[in-house]
Amino acid sequence: MTTPRTAARLDGIPPTIFSTMSALAVRTGAVNLGQGFPDEDGPPEVIAAAVRALQSGANQYAPGIGTPALRQAVARHQQRHYGLQLDPDSQVVVTTGCTEGIASALLGLVDPGDEVVVLEPYYDSYVAMIQMAGGVRRPVTLRAPDFRLDLDELRAAVTSRTRFVLLNSPHNPTGTVLTRAELEAVAELAVDRDLVVITDEVYEHLTFGTDHVPMATLPGMAERTLTLSSAGKSYSFTGWKVGWATGPASLVGAVLAAKQWLTFTSGAPLQPAVAAALDEHPDFPTTLAAELREKRDLLCDGLEKIGLRGRPPEGTYFATSDITDLGWPDAMAFCLALPERAGVVGIPTQVFYDDPDAGRQLVRWAFCKRREVIEEAVSRLGAADLSYG
């Protein structure tokens, strides 16, 4: 019998770097500043709401579109923060985290041969899901050290075959928050070329003195924007995997059409708890952002002092360092050696680029950790010889 091979649609898609590096951290006992999960939970009252849901019988399938309570809470969240009016019965769908939202959006909307403009470096699921959907990736690079959107490159990336822009702001991994002017340029292009914008806004509340502007709030964009987000980052419950997609009924319907064949439904007892988080603890993300800003400064100042220079991010969980002066051939070699060399794990940013040269010397660090964890990581890095050889 011939051993079946992996489907061609997965050719060239490696295992996610996050699993690789987190396993390396566990194996070596290194401080993990790689994968972006906090080591402190969100509001205990929200956890208690999940326990009550478990104990009160919310343990069977939830509606595929999501529980009414959560869909209504998401609609209220969008109205309260951004003035967006949504019908919770047709313009909101609950997803198993934003990652499933991305997968469902691309599988539900992209036809083979459709071009998707996407900012690089990019969250690695974008690459995998565009390829699985048969789409064609058209990257626009946010270049170090400032990681700003080059509007000329953006316009040049759009061709007659382009149908979508996949946008991420606040941006993982660079920490860039796109300005209103940058977003208005994207909106103008989308309207002029009749493009749909799929926007990943999971870090929407985690910005540091820079306002996040949702694409759907710009003129002409509500009817052509599918917005994705989740409770994982804003409320420090990344393991719950509860997210949502909002926008025009036709776009949300496409997400649901694909989602029903992926997970069908998302965790029933967690949905009322996330609804409680959105409705009853609306200020938690603001407090979290202030704490993260202090941790960002602690990490970035520490890295700068030991020669790992970089630009403090405007949002997200992540800071980036340039290791060019250390002499390593690339960030992958540096990051693979680092756990043994210094007892710390980071992420080589080059894996998030089509052209690895654009990010070959960049390393991403997560600062969504306890202060003592960040201090220990900086201490270990400072005590180690980080130069190549």
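Overview of the structure. Here, residues in each chain are numbered from 1, in the same order as that chain's written sequence. Where local features are concerned, this predicted model is filtered to residues with pLDDT of at least 70; where side-chain atom pairs are given and counted, the filter is 80 or more; whole-chain, interface and lining totals use all residues. Each side-chain value is derived from all of the structure's non-hydrogen atoms; neither hydrogens nor water enter the calculation.

## Comments concerning the overall build of the chain
Convention followed: Secondary structure counts use DSSP, requiring at least four H or I residues in a row for a helix and at least two E residues in a row for a strand, with both numbered from the N terminus. Between the two quantities, the radius of gyration covers C-alpha atoms and the globule rule is 2.2 Å times the number of residues to the power 0.38. The buried label applies to any residue whose accessible area, calculated with a 1.4 Å probe on protein chains only, is under 20% of its type's maximum; exposed applies above 50%, and partly exposed to all values in between. Here, residues are in contact when the closest pair of their heavy atoms is within 4.5 Å. Accessible areas in this description were obtained via Shrake-Rupley with a 1.4 Å probe; residue shielding takes into account the shown protein chains only. A positive count includes Lys and Arg, and a negative count includes Asp and Glu. His and the chain ends are not counted in either. Charge positions come from single atoms, namely NZ of Lys, CZ of Arg, CG of Asp or CD of Glu.
Regarding its fold elements, the chain presents 13 helices and 13 strands. Scaling as 2.2 N^0.38, a compact globule of 389 residues should have a C-alpha radius of gyration of about 21 Å, and the chain matches this with 21 Å. Across its three principal directions, the C-alpha atoms of the chain cover 60 × 60 × 55 Å. A buried classification covers 57% of the 389 residues belonging to the chain. Residue pairs in contact within the chain that sit at least 24 positions apart in sequence constitute 76% of those at least 6 positions apart. With the model as given, the accessible surface of the chain reaches about 15900 Å², and the carbon-plus-sulfur share is 52%. Counting 33 positive and 47 negative side-chain charges, the chain places the averaged centre of each group 3 Å from the other.

## Section: the sheet that holds strand β5 (residues 162-168)
What links the strands of a sheet is backbone hydrogen bonding, and the strands pair in either a parallel or an antiparallel sense. Stated precisely, the cut-off is as follows: Strands qualify as paired when DSSP identifies two bridges or more between them. To obtain each axis, a line is fitted to C-alpha atoms, and for helices this fit is confined to the stretch in contact; angles are then taken between N-to-C directions over 0 to 180 degrees.
In spatial order, the strands read β2-β8-β7-β6-β5-β3-β4; together these seven strands make up an open sheet with mixed pairing. Either end of the sheet is taken by a strand with one partner, and the two such strands are β2 (92-95) and β4 (136-141). Between one strand and the next, the sheet's axes are offset by a mean angle of 20 degrees, whatever the strand orientation. Both β5 and strand β6 (residues 196-200) contribute to a ladder of five bridges, which runs parallel. Paired with Leu166 across the bridge in β6 is Ile198. Here helix α9 (residues 249-259) sits on the sheet in contact with β2, β6, β7 (225-230) and β8 (243-246), set at roughly 30 degrees to β2.

## Let's talk about the pairing of β6
Convention followed: With strands facing away from the observer, any crossover in which the path from the first strand over the helix to the second runs clockwise is taken as right-handed.
Burial within β6 is extensive, with five of its five residues counted as buried. Along β6, one buried face is formed by Val196, Ile198 and Asp200 and the opposite face, lined by Val197 and Thr199, is buried too. Between the parallel pair β5 and β6, the chain is carried across by helix α7 (residues 180-193), and the sense of this crossover is right-handed. In terms of strand pairing, β6 meets β7 through four bridges, oriented parallel. Paired with Thr199 across the two strands is Thr227, which belongs to β7.

## Topic: the layout of surface pockets
Selection rule: The way it works is a 1 Å grid over only the protein atoms, where trapped points that fit a 1.4 Å probe form a cavity and open points with protein on both sides within 12 Å along at least five of seven lines form a pocket, and then any residue with an atom within 4 Å of a point lines it. Grid points are joined across faces, edges and corners, and a volume is the space filled by probe spheres set on the points. Under the scheme applied, nonpolar residues are Ala, Val, Leu, Ile, Met, Phe, Trp, Tyr, Cys and Pro; charged residues are Asp, Glu, Lys and Arg; polar residues are all the others, including Gly.
Empty space within the largest pocket amounts to approximately 540 Å³. Looking at the largest pocket, it is lined by 26 residues, and the ones nearest its centre are Gly36, Thr99, Tyr123, Lys233 and Lys241. Broken down by secondary-structure element, the contributors of at least two residues to the lining of the largest pocket are α1 (17-28), α4 (97-109) and α8 (231-234). If you tally residues by element for the lining of the largest pocket, the top one is α4, at four residues. Tallied by class, the residues present in the lining of the largest pocket amount to nine nonpolar, 12 polar and five charged. In this structure, the second largest pocket spans a volume of roughly 440 Å³.

## A few points about the pairing of β4
Where strand β3 (residues 115-120) meets β4, six bridges bridge the pair, whose relative direction is parallel. Among the inter-strand pairings, Val116 is bridged to a residue of β4, identified as Arg137. In this fold, β3 hands off to helix α5 (residues 124-132), which returns the chain to β4; that crossover is right-handed.

## Points about the nonpolar core
We apply this condition: Here the nonpolar core consists of buried residues drawn from Ala, Val, Leu, Ile, Met, Phe, Trp, Tyr and Cys, with membership extended through side-chain atoms lying within 4.5 Å.
Counting residues in hydrophobic clusters, the biggest one holds 74 residues, and the most contacted among them are Ile198, Leu226, Leu299, Phe334, Trp365, Leu381 and Leu386. Once residues lying within four places of it in the same chain are set aside, the contact partners of Ile198 are Ala105, Leu106, Leu109, Phe164, Val165, Leu166, Leu167, Leu226 and Leu228. Formed by 25 residues, the second largest nonpolar core is a distinct cluster that contains Val140, Ala157, Val158 and Met221.

## Brief notes about a nonpolar patch on the surface
Selection rule: Residues forming no salt bridge and having over 30% relative accessible area are the ones grouped into patches, like charges within 9 Å of each other and nonpolar side chains (Val, Leu, Ile, Met, Phe, Trp, Tyr) within 5 Å. What counts as a salt bridge is simple: a side-chain nitrogen of Lys or Arg found within 4 Å of a carboxyl oxygen of Asp or Glu.
A surface patch of nonpolar side chains, about 290 Å² in accessible area, is lined by Leu10, Leu107, Met132 and Leu262. With respect to the element layout, Met132 can be found in helix α5.

## Quick look at α9
Let me state the cut-off plainly: By arc we mean the arc of the directions from the helix axis to the C-beta atoms, nothing more.
The set of residues buried in α9 consists of Leu251, Val252, Ala254, Val255, Ala258 and Lys259. Buried residues of α9, seen end-on, are gathered within an arc of 150 degrees and therefore sit on one face of the element. Where the residues of α9 are buried, they touch β2, α4, β6, β7 and β8.

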